[in-house]
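An overview of the molecular structure
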Amino acid sequence: MVYTNSVPGPRVSFTAAGGPAVPSPPPDAAARRPPAEPTRRPTAWRDPLTTPPAPRRARLHRATTDRAYLSADGESYLAQTTLRELRKERPLRVLSEEDFAHWQTYGYVVVREAIPAEAARRLLDFTWDFQGLDPDRPDGWYEDRPFRSQLDRQLHVYGFVEAYHHQLLWDSRQAQRVYDAFVDVWDCEELWVTLDRLNLNPPNTGNRDRALIEPTERGFDIELHWDIDTTLGVPPQRVQGIIALNDTAPETGGFQCCPELFRGFERWRAAQSAGRDPIRPDVDRSEFPVVRPDLGPGDLLIWNGLLAHGVARNASRNGVRAVQYLSMMPALEEHEKLRRSRVESWRHLRTPRWNRTLVGDMVRHESLRYPTAELTPLGERLLGLASWHGTQGPDTAGGRSGEPVCTASA
Ligand SMILES: [Fe+2]
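Every value quoted in this text rests on a predicted model; they were computed, and no experiment measured them.

Here we look at the overall build of the protein chain
- From N to C terminus, the protein chain includes 12 helices and 15 strands.
- For the protein chain, the proportion of its 410 residues judged to be buried stands at 41%.
- Across the protein chain, every contact between residues at least 6 apart in sequence was considered, and the portion connecting residues at least 24 apart equals 83%.

Printed below as a string of structure tokens:
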């Protein structure tokens, strides 16, 4: 299948798998095959815990990159070549050749100490402090608290921490090694960083027990899911990431994934029938094992949206799982509304609006706790405050002259 964009700029065609068209099978083979999955317009699947509802007829914007990346929302992208088939034009900066091959084959890669381990520990201390929890007093991790909604309750069970703009979070975002790793996977330099939060997941018992969340037959499953609709004819390209704030351990759960399914995805998909769950894989785990990569403080794990993944429950006695969510995508500088929203979010410590499950801390919002984070020149570009190509917008001009950016230290 070929999808052609209709946005201004160079005309670009996209193939279903990012490669050459697949020849038709002989008639007898076609008769043996299960009914083909329906081909629909390529939009990302949206999981209620991670993404907002899609605006209708959203306009595609072309990213500020020489490689053709198109997106309506700055989260999922149409690309001329899928990330797993991309041929590098720029030299690798952080990943080794083996790392890059692993990324393309299995759908994830680990960058050791993408931020210094000491920086990760400071961020972990901040995370405890922000939540008002004492790492040495497990009893206090389960105190009753009010919930504004069912969503609030779920976020508590999963351990989300509603901090987005503290200086320490921004220090990770503007770390050169983190940025360079994402340049490696997208093969372009003009990126925006996601404005995302933290996770501090104590043992899943008491009011953090996952049993408090009603299980469902279909759709999002915290244990294993895809972040995109995998039945689409042209699955969008999406990249996600976490930075570990402490050592992983088998009993504390955390990120897990199904790399063999990623590797053999096209073959597996061809054998599926119509109507399968687009985001919850139904696979034999002996054939497609679920693995849990070992991470240490400061390690960055990047995964492809087409990698089935999830978060294993914390079954330990007193251990916690802690991460910062952090990813980078091709910058959509022409999407002015989105760009302004990002800048205002940083400047005024507003809860980012790209995802309806980002709800802000209900006890004491972060805007009441600390000032605007200071950005480096790289950080300004990763936010959208400054342009990657040096065109001076009002934000950039103000920032450089000291006016809005200096509110950072106000
Ligand atoms: Fe996910």
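Some details on the sheet that holds strand β3 (residues 61-62)
- Sheet architecture is open: 3 strands sit in the order β3-β4-β5, paired in antiparallel fashion. Two strands close off the open sheet at either side, each with one partner strand: β3 and β5 (78-79).
- Note: β3 against strand β4 (residues 69-71), 2 bridges, orientation antiparallel. Looking across to β4, one finds that Arg62 is bridged to Leu70.

Observations concerning the sheet that holds strand β7 (residues 160-161)
- Here 6 strands make up an open sheet; going across it, the order is β6-β12-β10-β14-β9-β7 and the pairing antiparallel. Both edges of this open sheet fall to β6 (108-111) and β7, since each of them pairs with a single strand only.
- Alignment of β7 against strand β9 (residues 198-201), held across 2 bridges, turns out to be antiparallel. Looking across to β9, one finds that Val161 is bridged to Leu198.
- On the sheet, helix α6 (residues 176-186) packs against β6, β10 (239-244) and β12 (300-304) and is oriented at approximately 20° with respect to β12.

A word on helix α9 (residues 336-348)
- With 13 residues, α9 should reach 18 Å at 1.5 Å per residue; the first-to-last C-alpha distance of 18 Å fits that figure.
- Along α9, the positions that sit buried rather than exposed are Leu338, Arg339, Arg342, Val343 and Trp346. Down the axis of α9, the buried side of the element spans an arc of 130°, and every buried residue falls inside it. In α9, the exposed positions angled more than 90 degrees off the buried face are occupied by Glu336, Lys337 and His348.
- One or two steps after α9, the chain reaches Leu349, where phi turns positive at roughly 50°.

Examining the environment of Ala386
- Examined against the element boundaries, Ala386 turns out to sit in the loop between α10 (377-383) and α11 (394-401).
- Once the C-alpha coordinates of Ala386 and Glu333 are considered, the two residues, 53 residues apart in sequence, prove to be 9.4 Å apart.

Comments concerning unusual backbone geometry
- Here the phi dihedral of Glu113 falls at roughly 45°; this positive angle occurs in a residue that is not glycine.
- On the secondary structure map, Glu113 appears in the loop between β6 and α3 (117-131).
- For Glu113, a count of 16 C-beta atoms within 10 Å gives the class partly exposed.
- At Asp187, a residue that is not glycine, the phi angle is positive and equals roughly 60°.
- Of note, Asp187 is situated in the loop between α6 and β8 (191-193).
- By the C-beta count within 10 Å, which is 17 here, Asp187 ends up partly exposed.

Digging into the confidence of the model for the protein chain
- Residue-level pLDDT values for the protein chain average 85, and 81% of them are 70 or greater.
- Contacts from residues 1-53, a stretch scored under 50 in pLDDT, to residues over four places away or in other chains number 89 contacts.
- Counting interchain partners and residues more than four positions distant, the pLDDT-below-50 stretch residues 397-410 has 23 contacts.

Things to note about the pairing of β9
- Both faces of β9 are covered, namely the face carrying Leu198 and Leu200 and the face carrying Asn199 and Asn201.
- Here β9 pairs with strand β14 (residues 321-325) via 4 bridges, running antiparallel. Bridged to Asn201 within β14 is Arg321.

Notes on α6
- Within α6, burial applies to Val178, Tyr179, Ala181, Phe182, Asp184, Val185 and Trp186.
- Residue Asp187 follows α6 closely and has a positive phi angle near 60°.

Observations concerning the nonpolar core
- Counting residues in each nonpolar core, the largest one holds 87 residues, and the members touching the most others are Tyr108, Ala181, Leu191, Ile243, Leu301 and Ile302.
- At 6 residues, α6 tops the list of elements feeding residues into this core.

Quick notes on the pairing of β10
- The element β10 is largely enclosed, with a buried count of 6 among its 6 residues.
- Neither face of β10 is open: one carries Val239, Gly241 and Ile243, the other Gln240, Ile242 and Ala244, and all of them are buried.
- As defined by bridge partners, β10 adjoins β12 across 5 bridges and the pair is classed as antiparallel. Along β12, the bridge assignment pairs Gly241 with Ile302.
- In this structure, β10 lies alongside β14, joined through 3 bridges in antiparallel fashion. Each residue of the ladder has a partner; that of Ile243, found in β14, is Gln324.

Comments concerning the environment of Arg112
- Along the chain, Arg112 turns up in the loop between β6 and α3.
- Exposure remark for Arg112: the 13 C-beta atoms within 10 Å place this residue in the partly exposed category.

Cut-offs and rules
- Residues numbered from 1 in each chain as written.
- Predicted model: local features only at pLDDT ≥ 70, side-chain atom pairs only at ≥ 80, totals over all residues.
- Helix = DSSP H or I, 4+ residues; strand = E, 2+ residues; numbered from the N terminus.
- Buried ≥ 20, exposed ≤ 12 C-beta atoms within 10 Å, placed from the backbone.
- Contact = placed C-beta atoms within 7 Å.
- Pairing = 2+ DSSP bridges.
- Axes fitted to C-alpha atoms, helices over the stretch in contact; angles between N-to-C directions.
- Expected span 1.5 Å × (residues − 1).
- Arc of directions from axis to C-beta.
- pLDDT = per-residue confidence, 0-100.
- Core = buried A, V, L, I, M, F, W, Y, C linked by C-beta atoms within 7 Å.

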